[in-house]
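Observations on chain architecture
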Amino acid sequence: MSIEVKNLKYTYNPGMPGETLALDDVSFEVHDGETIGIIGHTGSGKSTLLQHLNGLIRPDSGEVWVDGQCITDKSAKLVDVRRKVGLVFQYPEYQLFEETVAKDIAFGPRNTGIPEDQMEKRVRAAMSIVGLDYDEIAESSPFELSGGQKRRVAIAGVVAMRPSVLILDEPTAGLDPAAHDEVLAMIETINASMNMIVIFVSHNMADVARLSDRVLVMDKGKIAMQGTPREVFSHEDELSSMGLGVPPVRDILKKIKEAVPGFESDALTTDEAAEDIRKYFGLK
């Protein structure tokens, strides 16, 4: 499984006073099993790009290839595309509508022709992957759950389709710290257990550093930079010029370096930073 985006261009309101070039010659590749984080200031084209990846928006020009199929071709069957590429919008819990958790998760598979005798197995498997207990909450109303549980139910509905690609727009937005950590762990579990491509947009640089194999930086509709989290976040001044920051732990480490001559660390996560501090000071 791979994704190849070639020279993608898209304009909002063409020919109108509010005409905006949202994507400008965007090209990149994603390989099997990779987790890709996309960052950029508001209006940089991140969400527009995501919607091109499962055919919700067709480009003005350029192509998107998924698993060897050009999904931007007019002949492409979008139902088949969306079986392969699952898209979870920001605040997906607002899209829950069925009377029980199980029915909500089953909605997508049922509407793409999955036989009813396979439905419970599909729902159970999806709930297990996102960390929800089928026997405990399958027959509960999704509206009675916590915010973090609602989000996991919504994501389970996409996972139940068994896509090869999972796309998430701000997956931790608006969650309390505990639910935030649960959703991050869930994304890691999905990637590890299903070996699917995961692509997500986030304004949380700590999340991007923790989850991503590679990071794409968008600015004014273009990919301004890409690389591993360590490579991208080493360009602090360039990121700052685009209105972006770095993982908060980098600011803490900078203060430690100023106070402790000889201490060095390029850690991006708190776990990495703690390990470097323990090693430097000889702590266990």
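Residues numbered from 1 in each chain as written. Predicted model: local features only at pLDDT ≥ 70, side-chain atom pairs only at ≥ 80, totals over all residues. Heavy atoms only, no water.

Here the focus is the pattern of salt bridges. Where charged atoms from two side chains of opposite charge come close, those side chains can pair. Summed over all chains, the structure comprises 15 salt bridges. Close ionic contact of Glu-99 with Lys-103 constitutes a salt bridge, the shortest N to O distance being 2.4 Å. Classification of Glu-99 as exposed rests on a relative accessible area of 53%. Judged by its relative accessible area of 37%, Lys-103 is partly exposed. Between Glu-116 and Arg-110 there is a salt bridge, and its shortest N-O distance comes to 2.6 Å. Classification of Arg-110 by relative accessible area gives partly exposed; the value is 35%. (Salt bridge = Lys/Arg side-chain N within 4 Å of Asp/Glu carboxyl O. Buried < 20%, exposed > 50% of the residue type's maximum accessible area, 1.4 Å probe, protein only.)

With that settled, consider the sheet that holds strand β3 (residues 35–40). Spatially, six strands are ordered β6-β7-β8-β3-β9-β10 in an open sheet, and the strand pairing comes out mixed. The open sheet has two edge strands with one neighbour each: β6 (85–88) and β10 (222–227). Strand-to-strand twist in this sheet, taken as the mean axis angle between neighbours without regard to direction, amounts to 20°. Lying over the sheet, helix α6 (residues 147–159) contacts β6 and β7 (165–169), oriented at roughly 165° with respect to β6. (Pairing = 2+ DSSP bridges. Helix = DSSP H or I, 4+ residues; strand = E, 2+ residues; numbered from the N terminus. Axes fitted to C-alpha atoms, helices over the stretch in contact; angles between N-to-C directions. Contact = heavy atoms within 4.5 Å.)

Turning next to the sheet that holds strand β5 (residues 69–70). Spatial ordering of the open sheet is given by β2-β1-β4-β5, a layout of four strands whose pairing is antiparallel. Looking at the sheet topology across the chains shown, the edges are occupied by β2 (20–31) and β5. Alignment of strand β4 (residues 61–66) against β5, held across two bridges, turns out to be antiparallel. Bridge assignment links Trp-65 to a residue of β5, and that residue is Cys-70.

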